[in-house]
Amino acid sequence: MIVVTGATGNVGRTLVRTLAEQGHEVTAVSRRITERDVPPGVRADAADLSQPSANLPSAADAVFLLVGGDLMMAGDPARVVAPFTGFGKIVLLSSQGVATRPDSLSHGQAFAAFEQAVMDSGTDWTILRPGGFASNAYAWASSIKATRTIAAPFGQVGLPVIDPDDIAAVAAATLTRPGHSKAIYELTGPIPTTPRQRAAAIGDAIGESVTFLDQTREEARAQMLTFMPAPVADTTLDILGTPTVREQTVSPDVEKILGRAPATFADWAKRNAAAFR
């Protein structure tokens, strides 16, 4: 059996479906999950990893471990990891920020603490460190639907954002195939794209022009502060505006594991065009 935490998210939902289609026994775990959220034959367990009495399986061949922002900032990593130490393997979804922003509490230090807890658990492990998600573009959906516009800062700064489905595919491979023990993989898309280019790609996907509007850093920060803490907003803006060389570099790891190039942002936009119409 394979346990997938964060099973209703952008990565977890696809991962559950992929593993089930491959014929694996899967238990999908999320805070408010129900049987309606999973494919037939998949067990749904509602559980909160921040609670010591979480409703979790006692054993499994492997677990995909995703830790949410509130858990990272306030939780005890060793305690969160402890229920999975009897499993065959832990695949942790971490962040590229562990390597590129080690001094950032939200993007580096918090993830690094969970990585260390997994490494110290005595259980076999693999760590996945994705960069920015293509699905962050969902934040533009309401403005695209209403006015066919996107407002964002740093319109000409490119980053190789990754399709969450590719993260799920890599996770499925590392959960079920040999050869990934104690490996750390950095996951990116195949080419850097700018916010302006992503706006154009969404326009192409929906068959209508989408206008890109430049925001200042201050305007973007004020908007971000309505749904994220200031330190998270500030580091996110640093990545978007002044990325490191490594944050702009395409990693070979997705292609190495999957035997194919990662999907482009345009691929992601076409597959998810309905969200923007």
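For the structure itself, look to the data block above.
What you see is a predicted model, and the numbers here were worked out from it, not measured in a lab.

Can you walk me through the side chain of His107 in this structure?
Relative to the elements of secondary structure, His107 occurs in helix 5 (residues 105-119). Taking relative accessible area as the criterion, His107 reaches 15% and is therefore assigned buried. Among the polar contacts listed, one links the side chain of His107 to the side chain of Thr236, at a separation of 3.4 Å. When sequence neighbours within four positions are dropped, the list of residues in contact with His107 reads Ser95, Gly97, Val98, Arg101, Val232, Thr235, Thr236 and Ile239.

What's the story with the sheet that holds strand 6 (residues 124-130) in this structure? I'm lost.
Pairing between sheet strands relies on hydrogen bonds along the backbone, with the strands arranged either parallel or antiparallel. Across the sheet, which stays open at both edges, the seven strands sit in the order 3-2-1-4-5-6-8 with parallel pairing between neighbours. The open sheet terminates on both sides in strands that have one partner only, identified here as strand 3 (43-46) and strand 8 (183-187). Each strand of the sheet is rotated relative to its neighbour by a mean of 15°, with strand direction disregarded. With five bridges joining them, strand 6 and strand 8 adopt parallel strand pairing. By the bridge assignment, Pro130 is partnered in strand 8 with Leu187. Sheet strands in contact with helix 7 (residues 164-176) are strand 1 (2-5), strand 4 (62-66), strand 5 (89-93), strand 6 and strand 8, and its direction is about 170° off that of strand 6.

What am I meant to see in the pattern of salt bridges here?
Oppositely charged side chains are able to pair whenever their charged atoms sit close together. Scanning the model with the defined rule gives 13 salt bridges in all. Residues Glu115 and Arg129 are paired through a salt bridge, measuring 2.7 Å at the closest nitrogen-oxygen approach. Taken together, the positions of Glu115 in helix 5 and Arg129 in strand 6 put the pair 14 residues apart, joining distant regions of the chain. The two residues Glu115 and Arg129 agree in class, both being buried. The closest approach of N and O atoms between Arg148 and Glu208, which form a salt bridge, is 3.0 Å.

Even after reading the chapter, I still don't get unusual backbone geometry, so can you show me in this structure?
Of note in this structure, Arg148 is not a glycine but carries a positive phi near 55°. By the secondary structure assignment, Arg148 is in the loop between helix 6 (141-147) and strand 7 (149-153). Backbone geometry at Phe154 places phi at a positive 55°, although glycine is not the residue there. Note that Phe154 resides in the loop between strand 7 and helix 7. Its relative accessible area of 24% is what places Phe154 among the partly exposed residues.

Rules used in this analysis
Residues numbered from 1 in each chain as written. Predicted model: local features only at pLDDT ≥ 70, side-chain atom pairs only at ≥ 80, totals over all residues. Heavy atoms only, no water. Helix = DSSP H or I, 4+ residues; strand = E, 2+ residues; numbered from the N terminus. Buried < 20%, exposed > 50% of the residue type's maximum accessible area, 1.4 Å probe, protein only. Polar contact = N/O pair within 3.5 Å; in protein donor to acceptor, adjacent residues only side chain to side chain. Contact = heavy atoms within 4.5 Å. Pairing = 2+ DSSP bridges. Axes fitted to C-alpha atoms, helices over the stretch in contact; angles between N-to-C directions. Salt bridge = Lys/Arg side-chain N within 4 Å of Asp/Glu carboxyl O.

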